[in-house]
Protein chains: 2
Amino acid sequence: MDKLTIRTLAKELKLSVSTISKALRDSHEISAETKRKVLELAEKLNYTPNPYASSLRKKNSNTIAVVLPEVADSFFSLAINGIESVAREKGYHVLIYLTHENFAREQSILNDFKSGRVDGILMSVSAETNNSDHINELINFGKPLVFFDRVCEDVETGSIITNDTESSYEATCHLIQKKCKKIAFLYTSPDLSINKKRLEGYTKALTEFGLQLKKENIILCDGDSDSNYKLIYKTLKNKTRPDGILACVEKLTTPIYLACKELKLSIPGNIKLVSFTNLPAALILSPTLTTVTQPAFEMGKTAAEILFKAIQKPNYNLKKEKIVIASCLNVRDSTG
Amino acid sequence: MDKLTIRTLAKELKLSVSTISKALRDSHEISAETKRKVLELAEKLNYTPNPYASSLRKKNSNTIAVVLPEVADSFFSLAINGIESVAREKGYHVLIYLTHENFAREQSILNDFKSGRVDGILMSVSAETNNSDHINELINFGKPLVFFDRVCEDVETGSIITNDTESSYEATCHLIQKKCKKIAFLYTSPDLSINKKRLEGYTKALTEFGLQLKKENIILCDGDSDSNYKLIYKTLKNKTRPDGILACVEKLTTPIYLACKELKLSIPGNIKLVSFTNLPAALILSPTLTTVTQPAFEMGKTAAEILFKAIQKPNYNLKKEKIVIASCLNVRDSTG
């Protein structure tokens with residue numbers, strides 16, 4: 001089929017392209033009779049205006065970008081659901097970009113947005129991101145950007161986060177109350193805002209309860225799943241192994257359970273475990289898993305709502321939008 | 001900051017807009033000296049061409065759409081990873097649309113694609129889709145579309161599926177070999193291609209082994225998580241409850257485990273269970289879960305590769321691209 005354009009309509013109706021265009025936009029310059037004819041033919045031929053021509057005219061793209069590390073994680077997939085629910089309501093399209101925790105890729109993705117491809121950006125930074133020039137540049141360029149979950153502390157813009165310090169503090173206190181003396185903190189990246197805060201909460205709890213903060217208990221698991229498993233196995237095989245674990249990342253849950261099983265260590269008998277995760281399967285693990293459950297859908301939804309405020313009002317003060325939505329500690333059998 | 005356009009460059013260099021445009025496209029009509037000046041200024045001002053202006057000129061959008069029921073499911077999130085890996089390599093952008101299993105939403109999403117927003121579509125149909133006019137219309141309009149996982153059988157186009165009949169047959173045979181006499185088939189939609197095939201495989205296995213096919217063992221769980229739980233609980237509480245379950249959908253796993261726990265039914269002692277899922281946590285459930293694991297990443301990747309063939313060659317014969325990638329039965333403790 002030949003490409004159906006506004007010219008096809010103009011030719012068929014023996015009218016100018018500009019008349020057709022104005023009629024389709026319901027301009028007052030065009031008579032009701034002409035508008036009727038144009039709309040009837042457009043409907044008959046199933047004509048849909050080219051969105052990119054319309055973008056150029058209106059200077060907007062009706063599209064937002066979501067830049068995030070990965071989708072195969074229950075937090076991010078639920079957050080996408082929240083974002084999509086708002087975008088759909090607003091008639092916006094959602095471009096998804098995965099950084100796979102790679103800084104160079106994140107820079108290159110953001111650089112492309114200066115082009116006008118999107119009207120705004122929702123972002124959760126990669127684990128490698130320790131410099132925010134690419135983000136500040138985009139904001140200075142005039143693109144509204146809102147962080148959700150993982151933020152760059154030195155970028156002044158809207159952010160929707162959860163209470164990472166407090167929930168990590170609460171989880172650590174819970175482990176201490178369950179008689180853990182040696183609590184390991186397992187995480188994936190020292191540069192991530194959320195991990196810094198979770199470490200802060202963990203440290204605060206140990207200090208308050210007079211437990212010693214030891215470097216060897218703060219364990220960086222930033223390898224692939226195989227090397228993470230080996231590191232966890234080695235840690236738990238050691239005679240001086242921890243009696244409690246706070247895991248910052250969902251994907252560490254499976255290797256911890258597997259290593260305990262392999263080493264015949266009982267959870268919660270030998271080791272008590274709390275993990276940050278939104279996995280529904282936490283309820284049916286053996287034992288059921290005590291989790292810090294994040295308000296993932298709500299965070300995505302709220303971030304999108306804030307972004308649309310800024311898209312609709314060009315001088316909207318995004319900097320004042322710092323929203324914290326609390327996580328929830330769900331105590332289950334893995335902490336006895 | 002004022003919007004930086006090709007006009008800004010033209011004004012600054014006292015050249016025509018058309019000269020700048022040709023210089024940026026490296027046209028032979030423009031001298032090397034002029035090209036150098038234009039590129040230097042473009043770099044200095046950090047000018048990026050508007051992608052939508054470029055789309056209109058080149059008649060393509062460098063964007064593909066992925067239309068799928070949901071993201072909070074390990075199959076779909078892994079498939080997105082596969083799709084994204086190919087799109088990134090090709091320099092394409094990925095729009096994600098969620099139908100939430102709603103037919104009207106799917107129609108409306110597809111209708112928008114006639115506009116030229118995307119160069120091609122990857123699609124897994126919604127559970128409600130029992131009419132394919134909207135899909136055929138889009139294909140007749142000239143948009144390449146490739147199905148992955150869930151297809152419309154009466155649409156002639158490329159599809160990447162897994163061997164649903166065979167893997168369901170194999171899973172059912174496995175349950176029968178484990179002495180199950182009364183195997184329930186739990187699914188979410190009778191209209192889905194994948195469920196029809198899985199039911200076929202289940203039926204074939206029962207027939208071959210001389211077990212009776214009973215209507216009451218084919219159980220439709222198409223409610224929300226609460227009503228699915230209640231239905232499963234009721235089924236398992238009944239005296240005539242099944243001694244084996246084949247669950248077609250990942251999200252049914254949690255309510256089945258929970259209902260068994262509540263009713264003090266042992267898996268695999270009282271009930272043996274196989275589920276279609278790619279959840280890494282299958283390894284750490286109690287008991288570990290026997291799964292039909294689908295090649296989710298591979299399916300997404302292959303579907304994207306096929307789509308790009310059609311995008312690059314307008315008359316590419318997509319109809320011949322019917323690829324089946326096999327799933328794998330992973331036997332674990334839930335089947336004894």
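Structure first, text after, so check above.
Residues numbered from 1 in each chain as written. Chains lettered and ligands numbered in written order. Predicted model: local features only at pLDDT ≥ 70, side-chain atom pairs only at ≥ 80, totals over all residues. Heavy atoms only, no water.

Draft legend 1. The overall build of chain A, seen in detail. What chain A contains, in helices and strands, is 12 helices and 12 strands. Each principal axis of the C-alpha atoms in chain A carries an extent, and together these give about 90 × 35 × 30 Å. A burial count over chain A gives 56% of its 336 residues as buried. Contacts in chain A between residues at least 24 apart in sequence constitute 71% of all its contacts with a sequence separation of at least 6. Of the accessible surface of chain A, which amounts to about 15,000 Å², a share of 50% is contributed by carbon and sulfur atoms. A gap of 1 Å separates the mean positions of the 46 positive and 39 negative side-chain charges of chain A. (Helix = DSSP H or I, 4+ residues; strand = E, 2+ residues; numbered from the N terminus. Buried < 20%, exposed > 50% of the residue type's maximum accessible area, 1.4 Å probe, protein only. Contact = heavy atoms within 4.5 Å. Areas by Shrake-Rupley, 256 points an atom, 1.4 Å probe, with all protein chains shown as cover. Lys, Arg positive; Asp, Glu negative; His and termini not counted. Charge placed at Lys NZ, Arg CZ, Asp CG, Glu CD.)

Draft legend 2. Highlighting the relation of the copies chain B and chain A. For the pair chain B and chain A, the superposition axis carries a translation of 0.1 Å, the fit reaches an RMSD of 0.2 Å, and the rotation angle comes to 180°. Such a combination of rotation and displacement between the chain copies is what one expects of a two-fold axis. The share of interface residues of chain B whose copies in chain A are also at the interface is 96%, consistent with both copies meeting through the same surface. (Least-squares fit on C-alpha atoms with pLDDT ≥ 70 in both.)

Draft legend 3. The arrangement of helix 6 (residues 103–112) of chain A in detail. Residue and element names in this part refer to chain A. Within helix 6 the residues assigned to the buried category are Phe103, Glu106, Ile109 and Leu110. For helix 6, the buried positions fall inside an angular range of 125° around the axis, keeping them on one side. Taken together, the buried residues of helix 6 touch strand 1 (63–68), strand 2 (93–98), strand 3 (120–123), helix 7 (133–140) and strand 4 (145–148). The backbone nitrogen of Ala104 has a side-chain oxygen 3.0 Å away, supplied by the residue at the start of helix 6, namely Asn102. (Arc of directions from axis to C-beta. Polar contact = N/O pair within 3.5 Å; in protein donor to acceptor, adjacent residues only side chain to side chain.)

Draft legend 4. Structural context of the interface of chain B and chain A. If you look at the interface, chain B gives 52 residues, while chain A gives 50 residues. For the pairing of chain B and chain A, the buried interface totals around 4,700 Å² over both sides, and the portion due to carbon and sulfur atoms is 62%. In this assembly, chain B and chain A are joined by zero salt bridges. At the level of elements, helix 4 (51–58), helix 5 (74–89), strand 2 (93–98), helix 6 (103–112), helix 7 (133–140) and helix 11 (253–262) of chain B are the ones that each hand at least two residues to the side of chain B that touches chain A. (Buried area = accessible area lost by both parts, 1.4 Å probe. Salt bridge = Lys/Arg side-chain N within 4 Å of Asp/Glu carboxyl O.)

Draft legend 5. Focus on the sheet that holds strand 8 (residues 244–247) of chain A. All names here are of chain A. A sheet is described by the order of its strands in space; here six strands give the open sequence 7-6-8-9-10-12, paired in mixed fashion. Of all strands in the sheet, those with a lone pairing partner are strand 7 (218–220) and strand 12 (328–330), marking the two edges. Here the average twist between neighbouring strands, direction ignored, is 20°. As paired strands, strand 8 and strand 9 (residues 272–276) are joined by four bridges and run parallel to one another. If you follow Gly244 over to strand 9, its bridge partner there is Lys272. (Pairing = 2+ DSSP bridges. Axes fitted to C-alpha atoms, helices over the stretch in contact; angles between N-to-C directions.)

Draft legend 6. Representation of the side chain of Lys114 of chain B. Residues and elements named next belong to chain B. Take Lys114: it is sitting in the loop between helix 6 and strand 3 (120–123). By relative accessible area, Lys114 is classed as buried at 4%. Here the side chain of Lys114 touches Asn111 through a polar contact of 2.8 Å, side chain to side chain.

Draft legend 7. Spotlight on the packing of helix 2 (residues 17–24) of chain A against helix 3 (residues 32–45) of chain A. Residues and elements named next belong to chain A. Their axes nearest at 9 Å, the elements helix 2 and helix 3 cross at an angle of 90°. For the element pair helix 2 / helix 3, the angle class is roughly perpendicular. Listed contacts from helix 3 to Thr19, Ile20, Ala23 and Leu24 of helix 2 are Thr34, Lys35, Val38, Leu39 and Ala42. The residue makeup of the contact of helix 2 with helix 3, split by class, is six nonpolar, two polar and one charged. (Parallel < 35°, antiparallel > 145°, perpendicular 65-115°, else oblique. Nonpolar A, V, L, I, M, F, W, Y, C, P; charged D, E, K, R; others polar.)

Draft legend 8. Molecular detail of helix 12 (residues 296–312) of chain B. Residues and elements named next belong to chain B. Its 17 residues give helix 12 an end-to-end C-alpha distance of 25 Å, which sits within 8% of 24 Å, the value for a rise of 1.5 Å per residue. Buried residues of helix 12: Ala296, Met299, Gly300, Thr302, Ala303, Ala304, Ile306, Leu307, Phe308, Ala310 and Ile311, and no others. Summarising the contacts, the buried residues of helix 12 are in contact with strand 1 (63–68), helix 5, strand 3, strand 4 (145–148), strand 5 (158–162) and strand 11 (322–325). (Expected span 1.5 Å × (residues − 1).)

Draft legend 9. Here's a closer look at the packing of aromatic side chains. Residue and element names in this part refer to chain B. For the structure on display, the rule yields 14 aromatic pairs over all chains. For the pair Tyr97 and Phe113, a centre-to-centre distance of 5.2 Å together with 70° between the ring planes defines the contact as edge-to-face. Remark: Phe113 occurs in the loop between helix 6 and strand 3 and Tyr97 occurs in strand 2; sequence separation between them is 16 residues. Neither residue differs from the other here; Tyr97 and Phe113 are each classed as buried. (Phe/Tyr/Trp six-rings, centres within 6.5 Å; stacked < 30°, edge-to-face > 60°.)

Draft legend 10. Structural context of unusual backbone geometry. Along the chain, Ile267 of chain A connects to Pro268 of chain A via a cis peptide bond; the corresponding omega equals 5°. Along the polypeptide, Pro268 of chain A turns up in the loop between helix 11 (253–262) and strand 9. Of the consecutive residues Ser286 of chain B and Pro287 of chain B, the connecting peptide bond is found in the cis state with omega at -5°. At Asp149 of chain A, a position not held by glycine, the phi torsion is positive, near 65°. When you line up the elements, Asp149 of chain A lands in the loop between strand 4 and strand 5 (159–162). The phi angle at Lys14 of chain B is positive, at roughly 55°, despite the residue not being glycine.

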